[in-house]
Structures are given as C-alpha cells and as structure tokens.
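Here's the letter readout for the chains.
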Amino acid sequence: MSIYERTIHIATRGSPLALAQANSVLAQCRAAFPKLEFELKVLKTTGDKLQTASLAQEGTTLPKGLFTKELEVALIEGQADLAVHSLKDLPTELPAGLRLGAVGKREDVRDVLIYRDEECGRNDAGLPGQAAPRLFKRRLAIRELPAGATVATSSTRRKSQLLAHNSSLNVPDIRGNVLTRLQKLAKNAGLDGTVLALAGLIRLDVRITLEGVVEGKGVPEGLAATILEIEDMMPCVGQGALGIEVRDDDEGAAAICEKLNHGPTQQCVSAERAFLAAMGGGCQSPVAAYAEMAGGQMRMRALSFVEGHVRRAEGERGNEEPAKLGRQLAAELTT
C-alpha cells in the first residue's frame, strides 16, 4: 500500500520528554509531507513501568533496551511505521528487520548540574522533620561542592565523572522524569543536586537564565544550574540526538526518513555508536564519547571508567569513515 493511502503511525513513549520529542518529529513530518496523514501512537515501555515502580527504592540499574522494546514490537507487527527514540537510549544492536532510518539535528550535548539557589533565600523546602536544605551559590562547580554532598544520578557515566572531579561526593541513584527529579531536589533536604541533559531541558522548554536560575512550567522555585562544559562532563553516546527507527523493507518510511535525517549529526553519532558497540557496552556503561565535524574532518573524544580509573582517547578521520574512528578509539581504550 502506498504511503499516500494509509495513515503513518509514529510510536513514542508517554513521558513528557518523549512526547515533546515525538511532537517535534510529527511537526517536521507534516511540514515535509502535507498530503500525508500522521498520528502519534503512545506506548508505555517496560522501562517506564519499572522506573515508576522503583521510585521509592532507587539503586537498581535498568537493563538496556527497556525503553525501546514495546516501540520496536509495534514496528515489527506493523502497528507503527516510525519509532522516535532519544538516541542515547537506543541499543547499538537492533532487532532483526529494523534499522536506524534517520537521525535528527542534534541539540546541545552538554549536561547540567542543578542545585538549590542561595540567592532565592528559601530554607524551608525540606519535608516535615528534615533539617533545612543546603543552598549554594550560582555557577557552582562540581569541585566546589562540600565533602559528603549528595548529587543523585542514575548514570554510571555521570557518577564516574562527578567522582573524578570531587571524590568526596555521595552519588546515589534517582528515578523519574525530568520534572519529578527537579521536584525531588526541591523537597528533599538530603539531596544537594542532580545532573540532567541540557537537551532534555530545552525540549521541555525549561530555561536556564543568564543568572543561572532554572525556570519553566512545573519547575519548582529556588533552583539554580551550572551548564557543564564537555571537558568537565563528557556526554554519553548519542546524547542530544533523536533516532527514528523503521522497518528494513518499508520504502515509504525510508522516503520520510530522507527528509528527517540530518547528515552531519548522523555521521557523528555513527562514530559514537561504533565506539560503544566495540566497547561492548550499553547506555548504562561508564563510558562517554563525543564526535564533531571540523574542517572536513571528524574529531572524536572518548573516555572509559570500565577498569575503575579514567582512560581517555581522541582522534580524527575523514567524515566518510565514522565507524572506523569509533572502533579506533575503542581499541585504544581496551588495549
């Protein structure tokens, strides 16, 4: 059946961030193909269910692929034609019959350290029976956090880099979507900070003002943020990019993906994903990588805490060899 004779279903998770990402892809599809019918198909993944169930008992790592499985089943069974993922959540090995059809233009790849703002002057944000929460100056650096400060994140990559900058930190897990984590930070005096992806904040229209204040619908008052440069917190593979997964044999979806794909981003994340695959890890591995175009060459930096201490590598290759660059840096970090 021609794509002009059917509705194109776009599968997505139901979290606020996933819906914001899927709606941006939906808008691009409708603009590029005004004669086609597009609809979102919202699914709850196993990862969403487990994450919700473990909010009160954090500390367990969710296996890779749990935020993509149900979307992929919908593709395989023909219930959806495109699946929108945060590319950092998409495993490097895809199920038989599926492929990464397009990669959207990358958003800012940096991470953000978020904490309570001393200039707000509030010291009553704690829950009943708790001590007053600690407040911090704006533009706070990781190394300036006091000994024993608690910065929660479920990412082993972020935990390893936080401890590399400040070994005295306590870095427990935290679960929930972006706004849930911000609310936990605002209300829990035992939590001093958290680290989130800047891309996710931007897509949720959460703003960081020039003064470093965090603002947006649903954002608790009294939070400040420091945008962490790549030298201080290298991003995970694919961070800031959206991946569009499709069936191998769907020519209609392939035509749509041609319009959605951003070539430079696709090349860069191809190098990063090749690196991750060669490292034998998933999105929860304590590794990081970032590739960027520079003067007709692709430059890539990578680091690994797999052996318990940091190892770094970087290199350059022609833009036409992204996978080779990724595998090259993985080889350097595993030999």
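A quick note: this is a predicted structure, and the numbers were derived from the prediction, not measured.

### With respect to the overall build of the protein chain
And then number 1: Of the regular secondary structure elements, the protein chain holds nine helices and 14 strands.
And then number 2: Counting only residues that meet the buried cut, the protein chain has 51% of its 335 residues in that class.
And then number 3: As presented, the protein chain carries roughly 15000 Å² of accessible surface, and 49% of it is formed by carbon and sulfur atoms.

### Thoughts on the pattern of salt bridges
And then number 1: This structure, assessed with the given rule, holds 25 salt bridges.
And then number 2: Close ionic contact of Lys159 with Asp173 constitutes a salt bridge, the shortest N to O distance being 2.4 Å. Placement of Lys159 in helix H4 (residues 156-165) and of Asp173 in the loop between H4 and helix H5 (178-187) is noted, with a sequence separation of 14 residues between them.
And then number 3: Note on Asp173: relative accessible area 11%, which makes it buried.
And then number 4: Salt bridges sharing partners connect three or more residues here, namely Glu231, Glu292, Arg299, Arg301 and Glu314.

### Here we look at unusual backbone geometry
And then number 1: Of note, Arg139 is a non-glycine position whose phi angle comes to about 60 degrees, a positive value.
And then number 2: In the Ramachandran plot, Asp205 falls in the positive-phi region, its phi being about 60 degrees despite a non-glycine side chain.
And then number 3: With respect to the helices, strands and loops of the structure, Asp205 is situated in the loop between helix H6 (198-203) and strand S8 (207-208).

### Focus on the packing of helix H1 (residues 16-32) against helix H7 (residues 251-260)
And then number 1: At a minimum axis distance of 10 Å, the contact between H1 and H7 shows a crossing angle of 105 degrees. Considering the angle they form, H1 stands roughly perpendicular to H7. Note on element contacts: H7 touches H1 through Ile256, Lys259 and Leu260, opposite Val25, Gln28, Cys29 and Ala32.
And then number 2: Partitioning the contact of H1 with H7 into residue classes produces five nonpolar, one polar and one charged.

### As for H7
And then number 1: For H7, the complete set of buried residues consists of Gly252, Ala253, Ile256, Cys257 and Leu260. Considered in projection along H7, the buried side chains sweep an arc of 135 degrees and stay on one side of the axis. Among the exposed residues of H7, those pointing more than 90 degrees away from its buried face are Glu251 and Glu258.
And then number 2: Where H7 is buried, its residues touch strand S1 (7-13), H1, strand S2 (37-43), strand S3 (82-86), strand S4 (98-103) and strand S11 (242-247).
And then number 3: Sitting at the head of H7, Asp250 places a side-chain oxygen 3.1 Å from the backbone nitrogen of Gly252.

### Focus: the confidence of the model for the protein chain
And then number 1: For the protein chain, the average pLDDT comes to 90, and 89% of its residues sit at 70 or higher.
And then number 2: Note that residues 53-60 has pLDDT below 50 and, in this model, eleven contacts with residues that lie over four places away or in other chains.

### As for the packing of aromatic side chains
And then number 1: Throughout the structure, instances matching the rule amount to one aromatic pair.
And then number 2: Here the aromatic rings of Tyr115 and Phe136 are separated by 6.4 Å at their centres, their planes lie at 85 degrees, and the arrangement is edge-to-face. Here Phe136 lies in the loop between strand S5 (111-116) and strand S6 (151-152) and Tyr115 lies in strand S5, a separation of 21 residues in the sequence. An identical accessibility class is assigned to Tyr115 and Phe136; each is buried.

### As for the sheet that holds S2
And then number 1: The sheet built from five strands is open, its strands ordered S2-S1-S3-S11-S4 with mixed pairing. Here the strands that pair on one side only, and so sit at the sheet edges, are S2 and S4. Sheet twist, expressed as the mean angle between neighbouring strand axes with direction ignored, is 30 degrees.
And then number 2: Taken together, the two bridges between S1 and S3 define a ladder with parallel strand orientation. Its bridge partner lying in S3, Ala11 is registered against Ala83.
And then number 3: Contacts from H1 reach S1, S2, S3 and S11 within the one sheet, and its direction differs from that of S2 by about 165 degrees.

### Considerations on the pairing of strand S13 (residues 297-304)
And then number 1: Among the eight residues of S13, six are classified as buried, and the element is accordingly described as predominantly covered.
And then number 2: As paired elements, strand S12 (residues 287-294) and S13 share eight bridges and run antiparallel to each other. In the sheet register, Tyr290 faces S13, and the bridge partner there is Arg301.
And then number 3: Between S12 and the antiparallel strand that follows it, S13, lie two residues; Gly295 among them carries a positive phi value of about 55 degrees.
And then number 4: When S13 meets strand S14 (residues 311-318), the two strands line up antiparallel, connected through eight bridges. Bridged to Ser304 within S14 is Arg311.
And then number 5: Where S13 folds back on S14, the antiparallel hairpin that results is connected by six residues, among which Gly308 adopts a positive phi of roughly 95 degrees.

Scoring rules and cut-offs
- Residues numbered from 1 in each chain as written.
- Predicted model: local features only at pLDDT ≥ 70, side-chain atom pairs only at ≥ 80, totals over all residues.
- Heavy atoms only, no water.
- Helix = DSSP H or I, 4+ residues; strand = E, 2+ residues; numbered from the N terminus.
- Buried < 20%, exposed > 50% of the residue type's maximum accessible area, 1.4 Å probe, protein only.
- Areas by Shrake-Rupley, 256 points an atom, 1.4 Å probe, with all protein chains shown as cover.
- Salt bridge = Lys/Arg side-chain N within 4 Å of Asp/Glu carboxyl O.
- Axes fitted to C-alpha atoms, helices over the stretch in contact; angles between N-to-C directions.
- Parallel < 35°, antiparallel > 145°, perpendicular 65-115°, else oblique.
- Contact = heavy atoms within 4.5 Å.
- Nonpolar A, V, L, I, M, F, W, Y, C, P; charged D, E, K, R; others polar.
- Arc of directions from axis to C-beta.
- Polar contact = N/O pair within 3.5 Å; in protein donor to acceptor, adjacent residues only side chain to side chain.
- pLDDT = per-residue confidence, 0-100.
- Phe/Tyr/Trp six-rings, centres within 6.5 Å; stacked < 30°, edge-to-face > 60°.
- Pairing = 2+ DSSP bridges.

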